Amino acid sequence: MKKKNLLTRIIIIVVVTIFGLYLVIGPRRRPTLKDFTWSGIKQSLASNIKLGLDLQGGSHLVMRVKTEEFLRRLTEENSIAAQNAAKDAGYEIKGGRAEIGGGDYHVVVDVTDPSKANEIKDAVEKKVELGDTSVWAYSASGEQLRWTMTQAAQRMLADNATTQALNIIDSRINALGIVEPTLQTHGAQSAHQILLQMPGVQDPERVKEILKGESRLELVHVIGPPSPAPATTYPTEAAAIESLNSAGTIPPNRKVLPYTERMELSANSSDDQNQQRPKQWVVVETPAIIDGSELRNATAVPSQGGRADDYEINFSLKRTGADKFGAWTGSHINEYMGVVLNGEVKSIAYIKSQIFDSGQITGRFTQQSAEDLALTLRSGALPAPIEYLEERTVGPSLGQDSIRAGVRASLVGLALVVVFMLFYYRGSGVNAVIALILNMILMLAGLIAFGATLTLPGIAGIILTIGMAVDSNVLIFERIREELRSGKTVASAVDMGFQRAFITIIDTHVTTIVSSLFLFVFGTGPIRGFAVTLVIGLLVNLFSAVYVSRTIFIWLLSRKERVESLSI
Amino acid sequence: MFQILKDINVDWLGNRVWFIGISVLLMLAGLGSAIFRQATGGQAFNLGVDFKGGTVVTARFKQRPSDAAIRETLANKGVHDAVVQPVTDRPDTVLIKVPLEGEGEDGRAKVRDALNSFGPEAAPATELEADPNAAYKIVGTDAVGAIAGAQLRNKAIAVTLAALVGILIYIAARFEWTYGAAAVIAVFHDVLVTLGFFSVFQIEVSLNVIAALLTLVGFSVNDTIVVFDRIRENRKLHRRDSLYKITNDSINQTLSRTVITNGLVFLSVLALVLFGGDVLRAFSLALFIGVIFGTYSSIAIASPIMVWWEQRIEAANREAALSFNQPVRGGVRSSAKPTTREPITPARKRSTGAGRA
């Protein structure tokens, strides 16, 4: 019975070891004979273990937040809001516009009756944030009311936009699972640049696209007669504008946006996948019903009833957004609503019944593009577009020489440990060294299996793991020695030693794993990198230091009927 | 069998006043240094470019020197803790990140001063190749912000505290909550002493040092649990002994393990300090100090605090049992024999402990 038990243990250990070893040094494709030569193994090893920015280097990207675009949009929105506010208050105005140029941003409203200028100003400022004198300086001349953005406010708003962009990029990088990038502001403060360094990634172009995706989502009211009439579209922009009035101006509460209709899905449409309907134009109401800031979640899902490879994005709204949306859809049954992404109408749907907190974005997405878009929607819209200024690949931030020195020092330390264990524990020391080697192989295998990236903080985790692995063996061996000294037979001393030490080992390991899980779940950057290797290493250690070590002892003891002495 | 330590019988707890005194002194020294430096216009900690930002200088060379050579010339000119990063798609170019020193300091001038030891810089208007005498040219200087801003720093502290609470709860569940509290206090002690060392000697604190601090927390807790585990076992085996004696015995029984394990870790980390190179020095020093104090604190801090606390509770329980003449909660403890020898907090001093559970 004991023999059978031993056999099972050995089979488990051999299978796990071979599996782990293959994960570490085997290629991720059908192996050839060449992969098991020395150079082949080295090559697989290098491609299997992903190293972080500090150990291997990566890309160096400098980007600029187009804050002038942010200020332009803000000014335009305010100018539309100001005109609407004046009209809503019952004043007659000739028109209004945003005047932008030479680094200045003005909101201008032309009134018909200059004597009412002050009344109109008050009415506008009551509803629109133009009344904040730290941001907008007011001046009036004749029929013209003018609000000018102050220089100080321009700087402050632009800085805020940059900080916000930095935070959004940070959350997108995290969502992409890129390990320990460095993200910092770059250049003079007025440059609004961001420097991103990240370790080598599979598809850098995709990452760049995701980072600069604006993801401005709006749900808008599409102007036109209600269903059953089809949604009102126009073949050209001019035609759309003309429908508003013959003068060719767009009133402040309307916007003309491009719309590319999705191909109707039919059984035989698969042979012309890339064919799209010509671009059309629609008139929508502004401001939008709600925008992306009201999103609670967005996920990519396969299209309902579409082709298998078609994806769409389901989104849900926060409480406040849902209330607004529900109220609006409830009072606009049978009218048309559009989903606008980055200023382009993606889809138009008529409102069948009141909708509260969810919706779809459809429009011929592949799985990848739908998932990328969902990711950027979840992380929030960038306040302004981003442009890449500079792209380089850089070497490890720790320096090649430091890494070599570190590796050398670690090997010295490891050699010390091995020599001491063999010297002090003799035969059982071999046991400990086998457990230690197995621990390191399986730890690397674990890191590879979880797709973790190794950085210096990760190596700190490995150091702690090795320390605790050695400790496990020392605890067991010292305990066995104690039991032997108290006069027990070898078999029962080994038994008791393992039993007693196991309690301690479980306590130390579980404590550290519990605390590392906190670090892993809530931590970022180096803290997380440390926790990943530590958790994997300690789980592996319970196997290598306890199970494997125990098996070797069982095997030693099973070779003879009575074992009189133990080399320990 | 060869053995380092045999039949040790040291009264560790008897020296608790010394131990705790030394620890308090060390912590006060660190705290004093931090406060003094901050108050006199200096900096409590020498925070690296990770935490406070700096200047990144892009230099092109005709013959690019090795990273180590560049780092050395910078150090010679007083620019320590620079990050030297080669640009791999342009082999002649290197990025040099230097931390921000003070208001108005010119990172570019300092880097130029150091790089001049490789030969003169090309004149501002001329290309590097056009100037036959020039060895290098600074092609870009940009300020960079901190990688770990205040937000990340606060989050890191919060996460670490949450992890410590996790440790506290687990140890409390497996032992007693006093054991958990004592272990966490010992960890705080280790981190404070190490940080104090970094403040006194103004060693650069980088993000990697934070990882080293987390490592030392792990080592310290590990050590403490090994001792506590033995105490728990011995309390079951020797119910008649006082906690004081059991704790001393447990420390002595696990001493050979403590010496071997921590000795090995100590030697490995020492190798890292000696041969690991300048860039890793701060990281390895934090580990080195952490290993020493992590070992020390499980014997000298965690155990005395736990014993003191347990005895205090025991005394309170006994008093409560006497005054109400009925069993109290935590009755397992009250079944222990009253401490007659080596009391840490004599029962008679406790007059207001009656409400304690």
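None of the values given here were measured: they were computed from a predicted structure.

Q: With reference to specific residues and values, describe the overall build of chain A.
A: When helices and strands are tallied, chain A shows 14 helices and 19 strands. On the principal axes, the C-alpha backbone points of chain A span a range of 110 × 60 × 45 Å. Of the contacts formed within chain A by residues at least 6 apart in sequence, a portion of 70% connects residues at least 24 apart.

Q: Talk me through the domain arrangement of chain A; I want residue IDs and the actual numbers.
A: Residue and element names in this part refer to chain A. Assigned domains within chain A: domain 1 (2-17 + 50-56 + 396-558), domain 2 (67-154) and domain 3 (213-266 + 275-392). Contacts between the two partners involve seven residues from domain 2 and, on the opposite side, six residues from domain 3. Partitioned by chemical class, the residues of the side of domain 2 that touches domain 3 number two nonpolar, four polar and one charged.

Q: Report on the interface of chain A and chain B, specifying residues and quantitative values.
A: One frequent convention defines the size of an interface as the accessible area lost when the parts assemble. With 63 residues of chain A at the interface, the matching set in chain B holds 62 residues. No other element matches the 14 residues that helix 11 (residues 400-449) of chain A contributes to the side of chain A that touches chain B. Residue classes in the side of chain A that touches chain B are distributed as 32 nonpolar, 24 polar and seven charged.

Q: Tell me what's going on with the packing of helix 12 (residues 456-485) of chain A against helix 13 (residues 490-522) of chain A, and back it up with residues and numbers.
A: Residue and element names in this part refer to chain A. Packing of helix 12 against helix 13 leaves a shortest axis separation of 8 Å and a crossing angle of 145 degrees. Of the two elements, helix 12 crosses helix 13, and the hand of that crossing is right-handed. For the pair formed by helix 12 and helix 13, the contact residues are Met468, Ser472, Leu475, Ile476, Arg479, Ile480, Glu483 and Leu484 on the first element and Ala493, Val494, Met496, Gly497, Phe498, Arg500, Ala501, Thr504, Ile505 and Thr508 on the second.

Q: Just give me the short version of the sheet that holds strand 3 (residues 93-101) of chain A, but keep the residues and values in it.
A: All names here are of chain A. Across the sheet, which stays open at both edges, the four strands sit in the order 3-4-6-5 with antiparallel pairing between neighbours. The open sheet has two free edges, formed respectively by strand 3 and strand 5 (136-141), since each of these has just one partner strand. Taken over all neighbouring pairs, the strand axes of this sheet differ in orientation by 15 degrees on average, direction set aside. Against the sheet, helix 4 (residues 67-88) touches strand 3, strand 4 (104-111) and strand 6 (144-149), its axis set at about 170 degrees to strand 3.

Q: Lay out the domain arrangement of chain B with the relevant residues and their values.
A: Domains assigned within chain B are domain 1 (13-36 + 149-349) and domain 2 (54-144). One C-alpha centre belongs to domain 1 of chain B, the other to domain 2 of chain B, and the line joining them spans 46 Å.

Q: Explain the nonpolar core residue by residue, including any values.
A: One recurring pattern in soluble globular proteins is that nonpolar side chains are buried together. By size, the foremost hydrophobic cluster in this structure holds 231 residues, and its most contacted members are B:Ile96, B:Ala183 and B:Ala286. Ignoring any residue separated from it by four or fewer positions in sequence, one finds B:Ala183 in contact with B:Ile167, B:Ile171, B:Val221, B:Thr224 and B:Ala302.

Q: Can you explain helix 14 (residues 525-558) of chain A? Please cite residues and give values.
A: Its 34 residues give helix 14 of chain A an end-to-end C-alpha distance of 49 Å, which sits within 8% of 50 Å, the value for a rise of 1.5 Å per residue. Maximal helix bending in helix 14 of chain A amounts to about 30 degrees, located at A:Val540.

Q: Describe the pairing of strand 15 (residues 336-341) of chain A, naming the residues involved and giving the relevant values.
A: All names here are of chain A. Burial runs high along strand 15: six of the six residues are buried. Pairing of strand 15 with strand 16 (residues 344-350) involves six bridges; the strand directions are antiparallel. If you follow glycine 338 over to strand 16, its bridge partner there is isoleucine 348. As consecutive antiparallel partners, strand 15 and strand 16 are separated by two residues, and within that stretch asparagine 342 has a phi angle of approximately 50 degrees, a positive value.

Q: Tell me what's going on with the confidence of the model for chain B, and back it up with residues and numbers.
A: Residue and element names in this part refer to chain B. Put simply, chain B has an average pLDDT of 84, and 87% of its residues get 70 or more. By mean pLDDT, helix 11 (residues 331-334) is the weakest element of chain B at 46, and helix 6 (residues 177-200) is the strongest at 94. Every residue in residues 330-341 is under pLDDT 50, and counting partners more than four places away or in other chains gives 17 contacts. Segment residues 346-357: pLDDT under 50, and 18 contacts once partners within four positions in sequence are set aside and those in other chains are kept. Quick note on the complex model: pTM equals 0.78, ipTM equals 0.81.

Q: Explain helix 7 (residues 204-212) of chain A to me, using residue names and the numbers behind them.
A: Residue and element names in this part refer to chain A. Where helix 7 is concerned, the buried positions are Val207, Ile210 and Leu211. One side of helix 7 holds all its buried residues, which, seen down the axis, span an arc of 100 degrees. Contacts made by the buried residues of helix 7 are with helix 6 (151-176) and helix 10 (367-379).

Q: Which residues make up the packing of helix 13 of chain A against helix 5 (residues 150-174) of chain B, and what are the values?
A: Between helix 13 of chain A and helix 5 of chain B, the shortest axis-to-axis distance is 8 Å and the interhelical angle comes to 150 degrees. Viewed along their axes, helix 13 of chain A and helix 5 of chain B adopt a mutual orientation that is roughly antiparallel. Of the two possible hands of crossing, helix 13 of chain A and helix 5 of chain B adopt the one that is right-handed. In contact with A:Asp507, A:Val510, A:Thr511, A:Val514, A:Ser515, A:Phe518, A:Leu519 and A:Phe522 of helix 13 of chain A, helix 5 of chain B contributes B:Val159, B:Ala162, B:Ala163, B:Gly166, B:Ile167, B:Tyr170, B:Ile171 and B:Arg174. Within the contact of helix 13 of chain A with helix 5 of chain B, the residues separate by chemical class into 11 nonpolar, three polar and two charged.

Cut-offs and rules
- Residues numbered from 1 in each chain as written.
- Chains lettered and ligands numbered in written order.
- Predicted model: local features only at pLDDT ≥ 70, side-chain atom pairs only at ≥ 80, totals over all residues.
- Helix = DSSP H or I, 4+ residues; strand = E, 2+ residues; numbered from the N terminus.
- Contact = placed C-beta atoms within 7 Å.
- Domains from an automatic or database assignment.
- Nonpolar A, V, L, I, M, F, W, Y, C, P; charged D, E, K, R; others polar.
- Axes fitted to C-alpha atoms, helices over the stretch in contact; angles between N-to-C directions.
- Left-handed = near helix turned anticlockwise from the far one by under 90°.
- Pairing = 2+ DSSP bridges.
- Core = buried A, V, L, I, M, F, W, Y, C linked by C-beta atoms within 7 Å.
- Buried ≥ 20, exposed ≤ 12 C-beta atoms within 10 Å, placed from the backbone.
- Expected span 1.5 Å × (residues − 1).
- Bend = angle between axes of the 7 residues up to and from the residue.
- pLDDT = per-residue confidence, 0-100.
- Arc of directions from axis to C-beta.
- Parallel < 35°, antiparallel > 145°, perpendicular 65-115°, else oblique.

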